[in-house]
Amino acid sequence: MNMETYAAFVLFVVVMTGTPGAGNLTMMGIGQTTGFRSAIPFLAGTTVGMVALNVLVCFGLGGLFLASPNLALGMKVVGMGYILYLGWKLLSMTLAERRVDRRFTFGEGVILHPLNPKSWAMSVVGFSMLADPSVPLWREMVVFVPTFLFFQVLFHSTWGAAGAVIMRTLRSRAVLTGVNCVLVAVMVGATMYALFV
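Since the model is a prediction, treat every value here as computed from it, not as a measurement.

Student: Teacher, can you tell me more about the packing of aromatic side chains here?
Tutor: Within a pair of aromatic rings, the relevant descriptors are the distance that separates the centres and the angle that separates the planes. Within this structure, the stated rule accounts for ten aromatic pairs. Note on F42 and F104: the rings are 5.4 Å apart at their centroids and 75 degrees apart in plane angle, and the pair reads as edge-to-face. Taken together, the residues F42 in helix 3 (residues 36-58) and F104 in the loop between helix 5 (69-95) and helix 6 (106-110) connect sequence positions 62 residues apart. Overall, F104 belongs to the buried group, its relative accessible area being 3%. Taken together, a centroid distance of 4.9 Å and an interplanar angle of 85 degrees make the contact between F150 and F151 edge-to-face. Residue classification places F150 among the exposed residues on the basis of a relative accessible area of 52%. Residue F151 is classed as buried on the basis of its relative accessible area of 15%. Joined through ring pairs, the aromatic side chains of Y6, F9, F127, F144 and F148 make up one cluster. For K89, the ring lying beneath its charged end belongs to F104, and the centroid distance is 4.9 Å.

Here it is, written out as structure tokens:
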């Protein structure tokens, strides 16, 4: 792989992992509701889930979804259901007392990206940018998976930290609730867009 190809791939990953999506917006919502530290288990889970998704795409699972429209549609519908669940939980956490048992878990983070249509799309497109039949698969994976991992953790953490700053800056509970309502609306809207495009 030449540097020009890798630079284009990195730019793609930065745009895909840095922009609003279910992972970033959930991290921001958690950060502004209960603080960054409470988001760490969910962050660790999303990291494991995205690595697993990227490895599966490298081994051709993305091609299976491309080849089977019904399977792809089923996955999108399940994914949309999970995004709606995350939005509901985020709002209920905002409106209720901030109890530990309401916080997002490692397990909820693990399944976020494998059930997220945007994650599948960016992983399949990203890998197709690097895929070269003349190069051993393990060499492509050594570039593809760690690059996605680095930027995903960087941006999920940044969005979570931004949420924590909002929590410390905006003391009004009504304003914080309004911010979370906007985050949930954008998260659901972006996922619905990915579902129908």
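Student: Teacher, can you tell me more about the nonpolar core here?
Tutor: Within soluble globular proteins, side chains that are nonpolar tend to cluster in buried spots. Within the largest apolar cluster, 43 residues are counted, with the highest numbers of intra-cluster contacts made by I83, L86, F104, L112, F144 and F148. Elements with a minimum of two residues in this core: helix 1 (3-18), helix 2 (22-34), helix 3, helix 5, helix 7 (117-130), helix 8 (137-169) and helix 9 (173-196). Sort the elements by how many residues they give to this core and helix 8 lands first, with eight residues.

Student: Looking at this model, I keep getting lost on empty space enclosed by the protein. Mind explaining?
Tutor: To locate leftover empty space, one rolls a probe as large as a water molecule over the atoms. The full count for this structure, using the stated rule, is three cavities of 30 Å³ or more. Counted as a void, the largest cavity has a volume near 80 Å³. Lining the largest cavity are 14 residues; nearest its centre among them are M16, H113, K118, M122 and H156. Counting residues per element, the ones that place at least two in the lining of the largest cavity are helix 1, helix 2, helix 7 and helix 8. Taken together, the residues of the lining of the largest cavity break down into three nonpolar, ten polar and one charged.

Quick notes on the rules
Residues numbered from 1 in each chain as written. Predicted model: local features only at pLDDT ≥ 70, side-chain atom pairs only at ≥ 80, totals over all residues. Heavy atoms only, no water. Phe/Tyr/Trp six-rings, centres within 6.5 Å; stacked < 30°, edge-to-face > 60°. Helix = DSSP H or I, 4+ residues; strand = E, 2+ residues; numbered from the N terminus. Buried < 20%, exposed > 50% of the residue type's maximum accessible area, 1.4 Å probe, protein only. Lys NZ or Arg CZ within 6 Å of the ring centre and 35° of its normal. Core = buried A, V, L, I, M, F, W, Y, C linked by side-chain atoms within 4.5 Å. 1 Å grid on protein atoms, 1.4 Å probe; cavity = no way out; pocket = protein on both sides within 12 Å on 5 of 7 lines; lining within 4 Å. Points joined across faces, edges and corners; volume = space filled by probe spheres on them. Nonpolar A, V, L, I, M, F, W, Y, C, P; charged D, E, K, R; others polar.

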